[in-house]
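Commentary on secondary and tertiary structure
Single-letter residue listing:
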Amino acid sequence: MPVKGQIRKRGRSWQVDVCVNGDRVRRSVGASKIEARRILDELHEMPAPRGYAALGDVLGGYLASLRLRGKSRTIHQAGLHAARLEVFYGATRRTSTRS
C-alpha cells in the first residue's frame, strides 16, 4: 500500500488527508463522505512508485500533465526541450523518480 490516509470533515466539506512517499497531501473533496471514501480507496489501490524510470517516460508524463492543464505554448516549448534531452541522454536512460 503506497499511501496512508484518512478522511475528515472540516466545516461542511470532507477532506482526504494522505501521506505519499513521506509527503502529506490534503484535498477537499466536497460535501459527500461517500465520495471522500471512494477517492481514498482509489489512492490505496495505486501501485507503489518504483525508484527509477526511463527518461522518455518521465518526459512523456510531464508533457501529458501540461496537455491536461491546457498550456499550449508551454507544451510546444517543452516538447522541443524534451526532444533535445532525449537526443543527448537517450530516451531509455534511467532516472530517479524520487525528489
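Residues numbered from 1 in each chain as written. Predicted model: local features only at pLDDT ≥ 70, side-chain atom pairs only at ≥ 80, totals over all residues. Heavy atoms only, no water.

1. Focus on helix 2 (residues 55–69)
Spelled out, the test is: Strands here mean DSSP runs of E at least two residues long; helices mean DSSP runs of H or I at least four residues long; both are numbered from the N terminus. Working rule for helices: expected span equals 1.5 Å times residues minus one. In this scheme, a residue with accessible area under 20% of its type's maximum is buried, one over 50% is exposed, and one in between is partly exposed, where area comes from a 1.4 Å probe on protein chains only. To obtain the arc, one takes the directions from the helix axis to the C-beta atoms.
For helix 2, spanning 15 residues, the distance from its first C-alpha to its last is 21 Å, which sits close to the expected 21 Å at 1.5 Å a residue. All of the buried residues in helix 2 are Leu55, Gly56, Leu59, Leu63 and Leu66. For helix 2, the arc enclosing every buried residue in end-on projection is 95°, short of the 170-degree limit, so these residues lie on one face. In helix 2, the exposed positions angled more than 90 degrees off the buried face are occupied by Asp57, Leu68 and Arg69. A positive backbone phi angle near 75° is found at glycine 70, which sits one or two residues after helix 2.

2. Quick word on the nonpolar core
Side chains that are nonpolar tend, in soluble globular proteins, to be buried together. For clarity, the cut-off: To qualify as a nonpolar core, a set must consist of buried Ala, Val, Leu, Ile, Met, Phe, Trp, Tyr and Cys residues joined through side-chain atoms within 4.5 Å. Working rule for contacts: check all heavy atoms of both residues, and any pair within 4.5 Å makes them a contact.
Of all hydrophobic cores here, the largest spans 7 residues; its members are Leu55, Leu59, Leu63, Leu66, Ile75, Ala78 and Ala82. The set of elements that each furnish at least two residues to this core consists of helix 2 and helix 3 (72–89). Residue contributions to this core peak at 4 residues, all from helix 2. For leucine 59, the contacting residues outside a window of four places in its chain are Ala82, Leu85 and Glu86. Core analysis: the next-biggest nonpolar cluster, separate from the first, contains 6 residues, Ile7, Val16, Ala36 and Leu40 among them.

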